[in-house]
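Coordinate inspection notes
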Amino acid sequence: SVGIRRRMRRFFRRDGRALIFAMDHGFEHGPTDFEEHWEHVNPRIILRKVVRAGIDGVMMLPGLVRMAGDEVKPNVGLMIKLTSKTNLRPKDDQLLQSQLGYVEDAIKLGADAVAATVYWGSPQEDVMMRQFAEIASYAHDLGFPVVQFAYPRGPYINEKYGRKEDYRVVMYGARAAVESGADMIKTYWTGSRESFAKVVDAAAGVPVLLSGGAKAENPVDFLNLVWEVIEAGGAGAVVGRNIFQRENPEPFIKALLRVVHRNEDPEEAAKA
Ligand code: FBP
């Protein structure tokens, strides 16, 4: 619908690319993720910095939006994630994300898009598929885009492919995201430009965003990774730890934006 298309543009610039800041880690990993730079445990402080640096969008769970959403200026896309899990759960239950918020509430909080995770291949895949279907049905009905964090993980994947980052696994997840109705996909790096390009192909035009991952000690390494994603046809990245675990995230975000939107050489982007 025109509503979905218009709201997608809150994240993507004219080049069809976006850099989005992710901050659900206090819930999903626990506040220890903020200990590298503890000041950033305060959502207002880190949000102010990322917005000032020119980020295209931010992704959070409903509670942080309620508390600090006014830091997200109107020109920044707001993605509200409606599923999660804590790291405190028994190990066997870690392969399930549960719904913790509702589409209507996200819209009241000013969301431009809603997001949900599906662990494709999990023993609990069935629950997450249904959850995603319900969220997508509501959101699409109201003209809102839906982002799927398409994260294949589970015992059979390990047995059959060895690792969840195998491109056959990642592209399967991306394809499953498309076929289940996602308007944007966030997924893992597959290790090479060639293999990631196949993930992009499998998504058949639905924008594929990189899921940032653990902080790279050398900032240029991460800029290089994002550059490869763009070269592979990826639509950008959703980045959490690589931003908020740095003492000084603003120049780093500006460098990332140059790589995402101008295909700038990572070494040059880092220097500027
Ligand atoms: P990062 O850039 O820090 O990896 O953030 C992206 C993200 O998807 C977060 O939204 C989420 O909390 C985290 O990664 C989940 O990572 P994992 O499932 O590997 O623990």
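Presented here is an overview of the structure given in this document. (Residues numbered from 1 in each chain as written. Predicted model: local features only at pLDDT ≥ 70, side-chain atom pairs only at ≥ 80, totals over all residues. Heavy atoms only, no water.)

**Focus on the overall build of the protein**
Scanning the protein from terminus to terminus reveals 13 helices and ten strands. Against the 2.2 N^0.38 benchmark of 19 Å for 272 residues, the protein shows a C-alpha radius of gyration of 17 Å, consistent with a compact globule. For the protein, the spread of C-alpha atoms along the three principal axes comes to 45 × 40 × 40 Å. Residue burial in the protein is summarised as follows: out of 272 residues, 55% are buried. In the protein, the proportion of contacts linking residues at least 24 apart, taken out of those at least 6 apart, comes to 70%. Of the roughly 12100 Å² of accessible surface on the protein, a fraction of 49% belongs to carbon and sulfur atoms. (Helix = DSSP H or I, 4+ residues; strand = E, 2+ residues; numbered from the N terminus. Rg over C-alpha atoms; globule rule 2.2 N^0.38 Å. Buried < 20%, exposed > 50% of the residue type's maximum accessible area, 1.4 Å probe, protein only. Contact = heavy atoms within 4.5 Å. Areas by Shrake-Rupley, 256 points an atom, 1.4 Å probe, with all protein chains shown as cover.)

**Quick notes on the site of the ligand**
Around the ligand, 15 residues are found, and the nearest of them are Asp-24, His-29, Tyr-151, Lys-186 and Gly-213. His-29 has a polar side-chain atom sitting 2.5 Å from an oxygen atom of the ligand. Within the backbone of Gly-213, a nitrogen or oxygen atom sits 2.7 Å from an oxygen atom of the ligand. When the ligand is considered free in solution it has 470 Å² of accessible area, and contact with the protein chains removes 88% of it. (Near = heavy atom within 4 Å. Polar contact = N/O pair within 3.5 Å; in protein donor to acceptor, adjacent residues only side chain to side chain.)

**Section: the layout of surface pockets**
Of the volumes computed, that of the largest pocket is approximately 510 Å³. Tyr-151, Arg-153, Ser-211, Gly-213 and Arg-241 are, among the 26 residues lining the largest pocket, the residues nearest its centre. At the level of secondary structure, the elements contributing two or more residues to the lining of the largest pocket comprise helix H2 (25-28), strand S9 (208-211) and strand S10 (236-239). Of the residues belonging to the lining of the largest pocket, the class tally is eleven nonpolar, six polar and nine charged. In this structure, the second largest pocket spans a volume of roughly 260 Å³. What lines the second largest pocket is a set of 13 residues, among which Trp-120, Gly-121, Glu-125, Ile-157 and Tyr-172 lie closest to the centre. (1 Å grid on protein atoms, 1.4 Å probe; cavity = no way out; pocket = protein on both sides within 12 Å on 5 of 7 lines; lining within 4 Å. Points joined across faces, edges and corners; volume = space filled by probe spheres on them. Nonpolar A, V, L, I, M, F, W, Y, C, P; charged D, E, K, R; others polar.)

**Remarks on the nonpolar core**
Among the nonpolar cores identified, the biggest contains 89 residues, and Phe-21, Leu-47, Val-50, Ile-55, Val-58, Met-79 and Met-184 are the most heavily contacted of them. For Phe-21, the residues in contact, after removing those within four places along its chain, are Ile-46, Leu-47, Val-50, Ile-55, Gly-57, Val-58, Met-59, Val-239, Gly-240, Ile-243 and Phe-244. (Core = buried A, V, L, I, M, F, W, Y, C linked by side-chain atoms within 4.5 Å.)

**Here's the deal with the packing of helix H3 (residues 43-53) against helix H12 (residues 249-262)**
Where H3 meets H12, the closest approach of the two axes is 9 Å, and the angle between their N-to-C directions is 40°. The angle between H3 and H12 falls in the class oblique. The handedness of the crossing between H3 and H12 comes out as right-handed. Taking contact as the criterion, the partners of Ile-46, Lys-49, Val-50, Arg-52 and Ala-53 in H3 are, on H12, Pro-249, Glu-250, Ile-253, Lys-254 and Leu-257. Here the contact of H3 with H12 is built from residues that sort into six nonpolar, no polar and four charged. (Axes fitted to C-alpha atoms, helices over the stretch in contact; angles between N-to-C directions. Parallel < 35°, antiparallel > 145°, perpendicular 65-115°, else oblique. Left-handed = near helix turned anticlockwise from the far one by under 90°.)

**Some points on a positive patch on the surface**
A surface patch of like charges, here positive, comprises Arg-5, Arg-6, Arg-9 and Arg-14. With respect to the element layout, Arg-5 can be found in helix H1 (residues 2-8). Look at Arg-5 and you get exposed, because its relative accessible area is 54%. (Patch = residues over 30% accessible without salt bridge, like charges linked within 9 Å, V, L, I, M, F, W, Y side chains within 5 Å. Salt bridge = Lys/Arg side-chain N within 4 Å of Asp/Glu carboxyl O. Lys, Arg positive; Asp, Glu negative; His and termini not counted. Charge placed at Lys NZ, Arg CZ, Asp CG, Glu CD.)

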